[in-house]
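# Fold and geometry: a report
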Amino acid sequence: MKKIFDFSIYIKVFLLCFLMFSQQQIANAQWWKDTEKAEQERSKGMLLLTAEVQIEATQAINHMYNFKFYEAEREFNYLKVKYPEHPLPDFLLGLMEWWKIVPNTENVIYDERCIDYMDKSIEKAEKIWDDSENPEAAFFMAAAYAFKGRLHSERKHWTKATFAAKNALKYLDRSRSFSDFSPELMFGDGLYNYYFHYVKENYAMLRPVLWLFPKGDKPKGISQLEKVSYNAFYTRTEARYFLLQIYGMENMNEKALNLSKYTYETYPDNPFFQRFYARSAFVAGRVTEAKTIAKSILQKIEEHYPGYEGVSGRYAAYILGYYAMNYDRDAQEARAYYQKTIDFAKQTGSTNSGYYWSSMIALGKLASQEQDYDKAIEYFKQVIEDSERKSSQREEAKKLLTEAKKARRKKK
């Protein structure tokens, strides 16, 4: 007799598999809840400290600093859709507009969008602050006001810059309870400590305003910015941007070279970092490095890379002209690069820059070497007439003019 098929075995197997699957799902759900709870505890409800947001923002921020603005904007807008009431996406979009300005700070076409995004970030942060006094909101108000002040100071809108700076300091103090974000907060302290003295030393007209603010500490400010450049997440690259300029102003040339090389290698299509590397290598006498980087800048200008324009071109062309004249003894190439420097300076309205006047002097020297004294005298006279009275170029041009006139008389 044929044995009847026993379906009960399959039912038992099915139930066993179902129970095992259910237990796995329950375990997975519990793991996810535990993970979310741990992340919530770690971030204390602060979006800036959330690992997911940091991961999402990292690539976009790297695109921004590498001047891949289309890719960065796409990612920032995704964050804006995902977190529509949070100030972070608008702040990042405003920061991106600022970096479009950085290669040539005389360029005003991005000002309105930059200010608009920062205002939106402030508006959203104010709402959060009014509802909960969340220190994260205070941080964003401090940061957005700081960037507004930064732009207003570039435009010499001193009243607006002062108002923005006072608000930035006010909200920076309110965000100090956000202790887990201390590396980011140190960025504001470092800038303030250094630039308080910088403003005092270089802007006499603003000294009466400084009594409204607490005193700064320049060495401490540099030290704080260096710590931020290593330890912060959101403000790390901004700290490096300022440190490059500070190292240059303070003649800390070795630090400037090392940092500029690192930032350029990290963001190879950032014109500010690349030209600062070229400048630092030039100052340090690193001939091969400086020439290679300078040539790369000029090539990127020809290929219309974003942000590569006359200011970076002025740096690069002068460096190559200097080496062609003083190292390679190639008068024709030197003359071409120095003329490029002058052309770039005229394009960007930078005819009061040191590179411009030094290029005019160099062209005058080349003309003198070829005994074209009339042309040399024209160059030297132009420097004397138009350059700043106390500039080293003006004094050098006076001496060279006298020599050129004597040589012309002898030739006759």
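Residues numbered from 1 in each chain as written. Predicted model: local features only at pLDDT ≥ 70, side-chain atom pairs only at ≥ 80, totals over all residues. Heavy atoms only, no water.

So, about the packing of helix 17 (residues 373–386) against helix 18 (residues 392–411). Any two packed helices are characterised by the angle at which their axes cross and by the distance between the axes. Direction vectors running N to C along helix 17 and helix 18 enclose 155°, while the axes themselves pass 9 Å from each other. Accordingly, the angle class assigned to the pair helix 17 and helix 18 is roughly antiparallel. Of the two possible hands of crossing, helix 17 and helix 18 adopt the one that is left-handed. Contacts from Y373, D374, I377, F380, K381, V383 and I384 in helix 17 reach Q393, R394, A397, K398, L400, L401, A404, K405, A407, R408 and K411 in helix 18. When its residues are assigned to classes, the contact of helix 17 with helix 18 shows 10 nonpolar, one polar and seven charged. (Axes fitted to C-alpha atoms, helices over the stretch in contact; angles between N-to-C directions. Helix = DSSP H or I, 4+ residues; strand = E, 2+ residues; numbered from the N terminus. Parallel < 35°, antiparallel > 145°, perpendicular 65-115°, else oblique. Left-handed = near helix turned anticlockwise from the far one by under 90°. Contact = heavy atoms within 4.5 Å. Nonpolar A, V, L, I, M, F, W, Y, C, P; charged D, E, K, R; others polar.)

The backbone of K156 sits at a positive phi, close to 60°, despite the residue not being glycine. Taking the relative accessible area as the measure of exposure, K156 reaches 57% and is therefore exposed. (Buried < 20%, exposed > 50% of the residue type's maximum accessible area, 1.4 Å probe, protein only.)

A few words on the nonpolar core. Judged by nonpolar contacts, the single largest core of 69 residues is most densely connected at M64, F76, W98 and W99. Among the elements that take part in this core, helix 6 (residues 135–154) stands out by supplying 11 residues, more than any other. In this structure F76 touches A60, I61, M64, P89, L92, L93 and M96, once residues within four positions along its chain are discounted. Core analysis: the second largest hydrophobic core is formed by 48 residues, I297, Y338, I342 and A367 among them. (Core = buried A, V, L, I, M, F, W, Y, C linked by side-chain atoms within 4.5 Å.)

Our focus in this paragraph is a positive patch on the surface. Side chains of K381, K405, K406, R409 and K410 sit close together on the surface and give a patch of like positive charge. Note that K381 resides in helix 17. Using a relative accessible area of 38% as the deciding quantity, one classes K381 as partly exposed. (Patch = residues over 30% accessible without salt bridge, like charges linked within 9 Å, V, L, I, M, F, W, Y side chains within 5 Å. Areas by Shrake-Rupley, 256 points an atom, 1.4 Å probe, with all protein chains shown as cover. Salt bridge = Lys/Arg side-chain N within 4 Å of Asp/Glu carboxyl O. Lys, Arg positive; Asp, Glu negative; His and termini not counted. Charge placed at Lys NZ, Arg CZ, Asp CG, Glu CD.)

Here we take up the packing of helix 14 (residues 310–326) against helix 16 (residues 354–369). Running from N to C, helix 14 and helix 16 point in directions that differ by 30°, and their axes come no closer than 11 Å. Between helix 14 and helix 16, the crossing angle belongs to the class labelled roughly parallel. Considering only the axes of helix 14 and helix 16, their crossing is left-handed. Contacts from R314, Y315, Y318 and M325 in helix 14 reach Y355, S358, S359, A362, K365, L366 and Q369 in helix 16. Across the contact of helix 14 with helix 16, the residue classes tally to six nonpolar, three polar and two charged.

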